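Listed below, chain by chain, are the residues.
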Amino acid sequence: MKHDTMNRNTLETQSALILEHPRIILLGQPNSGKSTIFNKVAGYRSITTNFPGVTVEYTSSHVAIGGRTCDLIDLPGIYSLTAIERAARETLHYLIEEPVSLIINVIDATHLDRSLELTLQLLELGKPMLLCLNMIDEAERKGIRIDAGVLSSLLKLPVITTNAAQGLRIDALFDAAFDLLHAPHPVHSLPMSRHVEQVVEALDGVLKRCLPLQRISSRLLAIKLLESDPFFALQLEPDGTHLRTEVRHYQSILEEAHGQPADSVISAERHALSLHLFEQCTVVHHPRRSWHQWRSRVDQLVMHPVWGYVIMATVLVLFFNLIFKLGALLEQPILTLFTRSEEALTAALPTGSFYAYIAKGLLQGIAGGIAVVLPYLIPFLIGMALIEDVGYLPRIAFLMDNFMHRIGLHGTAVLPGILGYGCSVPAIMATRILPSPRDRFIAAVAAVLVPCSARMTIIFGLVGYYLGGTAALFIYLLNIVVVALVGTLLAHLMPDDTPGMVLVIPSYKVPSLKTILAKTWLRSRDFVLFAWPLLIAGSLVLSLSEVYHWNRAINSALAPLLYVLGLPPAIGMTLIFGVLRKELSMIMLIQALGTTQVNTVMSPEQILVFTIFVVFYFPCLATFGILTREVGWKEALAASLLTFSIAVVLGVVVRFIAPWLLQVI
Amino acid sequence: MLSSRKKAAAASLFLSDLHTGSHGRIAAIRGGWSLRQRLNQVGIHPGDSIRVVRGGQLGGPVLIHIHSTDVALGNRMAAAILVDLDEA
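Please read all numbers here as calculations on a predicted model, not as lab measurements.

Cut-off values and rules
- Residues numbered from 1 in each chain as written.
- Chains lettered and ligands numbered in written order.
- Predicted model: local features only at pLDDT ≥ 70, side-chain atom pairs only at ≥ 80, totals over all residues.
- Heavy atoms only, no water.
- Phe/Tyr/Trp six-rings, centres within 6.5 Å; stacked < 30°, edge-to-face > 60°.
- Buried < 20%, exposed > 50% of the residue type's maximum accessible area, 1.4 Å probe, protein only.
- Lys NZ or Arg CZ within 6 Å of the ring centre and 35° of its normal.
- Salt bridge = Lys/Arg side-chain N within 4 Å of Asp/Glu carboxyl O.
- Helix = DSSP H or I, 4+ residues; strand = E, 2+ residues; numbered from the N terminus.
- Axes fitted to C-alpha atoms, helices over the stretch in contact; angles between N-to-C directions.
- Parallel < 35°, antiparallel > 145°, perpendicular 65-115°, else oblique.
- Left-handed = near helix turned anticlockwise from the far one by under 90°.
- Contact = heavy atoms within 4.5 Å.
- Nonpolar A, V, L, I, M, F, W, Y, C, P; charged D, E, K, R; others polar.
- Core = buried A, V, L, I, M, F, W, Y, C linked by side-chain atoms within 4.5 Å.
- Pairing = 2+ DSSP bridges.

A. How the structure looks around the packing of aromatic side chains. Residues and elements named next belong to chain A. All chains considered together, the criterion is met by six aromatic pairs over all chains. A centroid spacing of 5.6 Å and a plane angle of 75° characterise the contact between F231 and F232, whose relative ring orientation is edge-to-face. For F231, a relative accessible area of 17% puts it in the buried group. Over the aromatic face of Y508 sits the side chain of R395, whose NZ or CZ is 3.9 Å from the ring centroid.

B. Just the pattern of salt bridges, in detail. One pass over the structure, following the stated rule, counts 16 salt bridges over all chains. For R248 of chain A, the salt bridge identified is with E255 of chain A, shortest N-O distance 3.4 Å. With relative accessibility at 45%, the residue R248 of chain A sits in the partly exposed group. On the basis of relative accessible area, E255 of chain A is assigned to the partly exposed category, the value being 25%. Across the salt bridge formed by R36 of chain B and D263 of chain A, the nearest N and O atoms sit 2.6 Å from each other. Of this pair, R36 of chain B sits in helix α2 (residues 33-41) while D263 of chain A sits in helix α12 (residues 262-281), which puts the two residues in different chains. Like D263 of chain A, R36 of chain B is buried. Taken together, the shared-partner salt bridges in this structure form one network comprising R68, D175 and D179 of chain A.

C. Seen up close, the packing of helix α28 (residues 621-631) of chain A against helix α29 (residues 633-664) of chain A. Residues and elements named next belong to chain A. As a packed pair, α28 and α29 sit with axes 7 Å apart at the nearest point and diverge in direction by 135°. In terms of orientation, α28 and α29 fall into the oblique class. Relative to α29, α28 is oriented so that their crossing is right-handed. Where α28 abuts α29, its residues F624, L627, T628 and V631 lie against W633, E635, A636, L637, A639 and S640. In terms of residue class, the contact of α28 with α29 is built from seven nonpolar, two polar and one charged.

D. The nonpolar core, seen in detail. Residue and element names in this part refer to chain A. Among the nonpolar cores identified, the biggest contains 105 residues, and L575, F610, I612 and F616 are the most heavily contacted of them. Among the elements that line this core, the one with the most residues is helix α21 (residues 469-493), at 11 residues. Ignoring sequence-local partners within four residues, the contact set of F610 consists of L462, L567, I571, T574, L575, S585, L589 and M602.

E. Looking closely at the side chain of N555 of chain A. Within the secondary structure, N555 of chain A sits in helix α23 (residues 550-565). Sequence-distant contacts of N555 of chain A, that is, excluding residues within four places in its chain, are made with P569, A570, I571, G572 and M573 of chain A.

F. Local environment of the pairing of strand β4 (residues 68-74) of chain A. All names here are of chain A. β4 sits mainly inside the fold: five of its seven residues count as buried. The pairing of strand β2 (residues 23-28) with β4 spans four bridges and is classified as parallel. Residue I24 lies in a different strand from β4, and its bridge partner there is L72. Following strand β3 (residues 59-65), the chain reverses through two residues before pairing antiparallel with β4; G66 in that reversal takes a positive phi of roughly 55°.

G. Main features of the sheet that holds strand β5 (residues 102-108) of chain A. Residue and element names in this part refer to chain A. Sheet architecture is open: six strands sit in the order β3-β4-β2-β5-β6-β8, paired in mixed fashion. Each edge of the open sheet is held by one strand with a lone partner, namely β3 and β8 (159-161). Taken over all neighbouring pairs, the strand axes of this sheet differ in orientation by 25° on average, direction set aside. In terms of strand pairing, β3 meets β4 through seven bridges, oriented antiparallel. The residue of β4 that forms the bridge with A64 is T69. Each of β2, β5 and β6 (129-134) is contacted by helix α4 (residues 112-123), which is oriented at about 165° to β5, the strand it contacts most.

Structural data, given as structure tokens:
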């Protein structure tokens, strides 16, 4: 029994497109190498990571391969056509709404059995398709030998093997794709077992009669409706009452015959069919023992309930130490350079003139960006890319799952938290990997609260310098406690609807230098284009405030707040500076107080209160900007109000317990 | 404790209660639509053989090996999966 699912309607609208301006999409399960293939042909534009589900938005590029051109689209990875996560919904939406000339189904050959479940569903779309068996060499190493010819004849699709990470056979893949575009042949879906197939066909028949013109094949719709898929159920609207009863009827037939919910019946069918296909085209040898044992031994240690945490702590401490050492090394000469240029500038322009202030503001803004980006952000991103590409992050997520549950999140949310210690901006962007808006919001708030490297300079420069290292450590610990409390609070206010983490732990990979550098560039570009202009604008505003003596007005406006916190009124302006650029708080504190010896004018208690307040009080302008983009205006405002309240409460509490606290720490 | 389990091989156990190194077969998934879907998606179905790489008796996540893949499951996810242990 064969089913020609090529929908005539979609076929006609597409035929014109196919040759004129073909649109090829890369589609597959998470971490199967779609972005790697995309980057090989389109140049580095799509972030790849050894962490499932990193592509959360689609990337598109016009590419020319061997003299032929097409639009190539890298869609977020999906495990099935039932979209549960946000990124997967985007993929599904794209598949149904946009004209697609050809699908390249990218498969991680080491997980062929699981991947075929998606392939079977994609066949139902009835669009021209070919299979790309990626990471074929790794499958061989694992002892999985796949006969691509057999698979091709079973599915009646072209099957091309590739090793995208090394750029092998990518040309062959696209040659086959273009050939298929010029000579498309119908795609056949594979039948399920007899009884299930009869039910699917019966519902398919009903749908064909009632919904004659559909963008998706009625057979796919029938299957997905039997699976109670909410996305496809929308296709029945607006007047689907009659059809819903029909669907219910066929579901109950399946349920009675198989003693399971209809979605489980269909899913089990697909699973059995995939395993059957897998067995027909694959020979599994015992892998070379050394390889197999190596990975499982490493994971026994890395994910051990005791040693796992020791290793994690060591890796993170080393990681941060290395970055900060390297950063400090680079920062000094850069700052010296800028101090000299500032001196030269002051000498060249008449003192106190309007232009001198403007020039100074501009220079400080540019310098601030360079002094943060070059020494800290770039080493951080390189280190991060390294940890990511090796495949360590999913292991951290596993280790931290228990702790993260306490703050209402899952292990996956640990990634933005770790990134937050570097810079809040990339941390907030990383919340996209989380499935629900709720998780994204809580993780974004946590990422804002975690002291970034700019706040670290304040913690170490003020508290560390004047009150000692233990006091600095105390602030970090206090911060973790606060993040945990806020997380718990938000988790209570916004009840969880997802039952927990399901994370495929990928194999370890040898990272490539090129990918790491390209990724670092791509991520720092986000900072350069988005955050840096804000930094420069902020500096200009600060300069203007000096020209027009806004600081007096601001100081008196902030006087009540400073009174509550028990801080000198002269430092009000520094808090505004801190919103623009966190690390400026300390620099401006020195300026506002008129001395580099802060401890001569501020008591140890005041230094502690000031630092704690500045660490928590408000996300910097760049962070706020990213926050509005990622979680929305209202949520960004709510998050900022929340952090501000936390800062005031903590400031006041610490003010009163500081004398006792300082004796303890 | 393990010997008593061997005797009662017919009874299914929750995945979240299994020790590191246990082998078994998934007997059932007790959960709603979205939980079933999320597990099915990554290749976890009733009838599949699994090995517990890292047990979650202390309330932590569970790491299982299934169809040549390692999958980490939150403790609540694992508590929805019933497993029949293989006779040792």
